[in-house]
Amino acid sequence: MGVAQAICRLSRGGGSGELREEAAAETPISCPNGKPVPAQPHSRFVRKDGHCNVEFINMSEKGQRYLTDIFTTCVDIRWRWMFVLFCLSFVLSWLLFGFTFWLIAALHGDLGPKFPQAPKPCFSEVSSFMAAFLFSLETQTSIGYGFRSVTEECPSAVVAVVMQCIAGCILDAFIVGAIMAKIAKPKKRNGTLVFSETAVVAMRDGKLCLMWRVANLRKSHLVEAHVRAQLLRPRVTPEGEYIPLDHIDVNVGFDSGTDRIFLVSPVTIVHEIDGESPFYGYGPSELAKGDFELVVILEGMVEATAMTTQCRSSYLPGEISWGHRFEPVLFERRGHYEIDYQHFHRTYEVPGTPACSAKELSQRKYRAPSAGVSTTRASFCYENEVALRCCREEEEEEEKQASRRVSLENEMATAT
């Protein structure tokens, strides 16, 4: 939503509370001056893959600030640039000290014609820049072919060799450390942490709740896993200040501790829509026309490296299904549990879900009617139907294997 559109709303008396934008396909909004303001589609702030849709512009002293924290810059850059930096740092250091050795040899007169009574050279077998470069490479990499070496004739040459050894150790530690930190970054761990493609709104324990799913696709655990959520939406304050993205915390059980999850199997995150919820006044129609973005965050420590990772996703109003539940994914088998990720993103409609906001529901003092029993039974039957279908498929597979085994034994008996 643009600033002009917000000011038009404010001038019409809409700035006292929440600010909501119509859907992008709605008709343009007319301001008091008569000029229409076209509605703009809401841009996603956090993409589904977790990357933030943000670009930085007009940053003063950007290069200087990035070079000040050069280690973090090296860890954050792409691998192709890291490879270029890796090669250039070593080649430039070899060239720098090779030029230093060549200059010392030239000043000492070691590059000219050889005379019988000439003084002992600073470097043995170093008579050109190429030879000095090769000596620099052999010194820093500790190759030591035994052909070129420094002599005790020139103290400056000895000092230069010592300085190159120290600089080489520092350079090795920096580059290797940056590469190891880049490899060990838990960022790639997010590829095996997934959120459901949609969120749902349905009744749970007699209360209207907003729910979404999260799962860990690896067998290694996520230690101290906990979830957070924030609602992003534009707002105009009573003083007339326009806030393009107002961040509002969405309670997912921080007070009760249910925000900390044991992520071995897929977990459904539940936000109870109560009086403190930003969705308290949202019904199905308000939700469909809402101008907001629900950002969901999963944090935890990677068990293998003990490094903290964060996985993000978001839901727009069109990605929240009213009156739906997630299909079950956890099934008990003989001696173990199975998780069927084929049902992870699937939802099914729940008849009898109130078609009103939680605020209206509380005002009506909603109580589940007798029809709600049949609704609960229908949901229960549906879940059992899915579980029984999986069990039936397993039994059919076992019967097929048994019949194959019997036929194989009969063939073997006939052959004998």
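Owing to the predicted nature of the structure, the values given are computational and were not obtained by experimental measurement.

A. Focus on the overall build of the protein chain. A tally of regular secondary structure across the protein chain gives nine helices and 17 strands. For the protein chain, the proportion of its 416 residues judged to be buried stands at 35%. Sequence separation of 24 or more characterises 66% of the internal contacts of the protein chain that already satisfy a separation of 6 or more. For the protein chain, the exposed surface amounts to about 25200 Å²; the carbon and sulfur share of it is 59%.

B. Up close: the nonpolar core. The biggest cluster of nonpolar side chains holds 35 residues, and the ones touching the most others in it are Leu-210, Trp-212, Ile-261, Phe-279, Leu-294 and Leu-298. Ranked by the residues each element gives to this core, the list is headed by strand 8 (residues 222–236), at five residues. For Leu-210, the residues in contact, after removing those within four places along its chain, are Ala-199, Val-200, Val-201, Ile-269, Val-270, His-271, Ile-273, Phe-279, Leu-294 and Ile-320. In this structure, Phe-101, Cys-122, Ala-132 and Cys-154 belong to the second largest nonpolar core, which totals 14 residues.

C. View of the packing of aromatic side chains. All chains considered together, the criterion is met by 12 aromatic pairs. Among the aromatic side chains, those forming a connected cluster through ring pairs are Phe-86, Phe-90 and Trp-94. One Lys or Arg, Lys-182, reaches over the ring of Trp-79 and ends 5.3 Å from the middle of that ring.

D. The arrangement of the sheet that holds strand 11 (residues 293–302) in detail. Reading across from one edge, 9-8-11-12 is the order of the four strands in this open sheet, with antiparallel pairing throughout. This sheet does not close on itself; its edge strands, each paired only once, are strand 9 (242–249) and strand 12 (308–315). Neighbour-to-neighbour, the strand axes of this sheet turn through a mean angle of 25°, independent of strand direction. Sheet topology note: the strand 11/strand 12 ladder contains eight bridges and is antiparallel. Looking at strand 12, one finds that Leu-298 is bridged to Cys-311.

E. Just the pairing of strand 16 (residues 336–339), in detail. Pairing analysis gives four bridges linking strand 15 (residues 330–333) to strand 16, with the strands arranged antiparallel. Looking at the pairing, Leu-330 lines up with Ile-339 of strand 16. Turn length for the strand 15-strand 16 hairpin, with the two strands adjacent in sequence and antiparallel, is two residues, and the turn residue Gly-335 shows positive phi of about 85°.

F. Seen up close, helix 5 (residues 129–141). Given a rise of 1.5 Å per residue, 13 residues ought to cover 18 Å, and the 18 Å separating the end C-alpha atoms of helix 5 matches this to within 8%. Among all positions in helix 5, only Ala-131, Ala-132, Phe-133, Phe-135, Ser-136, Glu-138, Thr-139 and Gln-140 are buried. Its buried side turned inward, helix 5 meets helix 4 (79–107), strand 3 (123–124), strand 4 (149–150) and helix 6 (155–183). Positive backbone phi, approximately 60°, marks Ser-142, located one or two places after helix 5.

What counts and what doesn't
- Residues numbered from 1 in each chain as written.
- Predicted model: local features only at pLDDT ≥ 70, side-chain atom pairs only at ≥ 80, totals over all residues.
- Heavy atoms only, no water.
- Helix = DSSP H or I, 4+ residues; strand = E, 2+ residues; numbered from the N terminus.
- Buried < 20%, exposed > 50% of the residue type's maximum accessible area, 1.4 Å probe, protein only.
- Contact = heavy atoms within 4.5 Å.
- Areas by Shrake-Rupley, 256 points an atom, 1.4 Å probe, with all protein chains shown as cover.
- Core = buried A, V, L, I, M, F, W, Y, C linked by side-chain atoms within 4.5 Å.
- Phe/Tyr/Trp six-rings, centres within 6.5 Å; stacked < 30°, edge-to-face > 60°.
- Lys NZ or Arg CZ within 6 Å of the ring centre and 35° of its normal.
- Pairing = 2+ DSSP bridges.
- Axes fitted to C-alpha atoms, helices over the stretch in contact; angles between N-to-C directions.
- Expected span 1.5 Å × (residues − 1).

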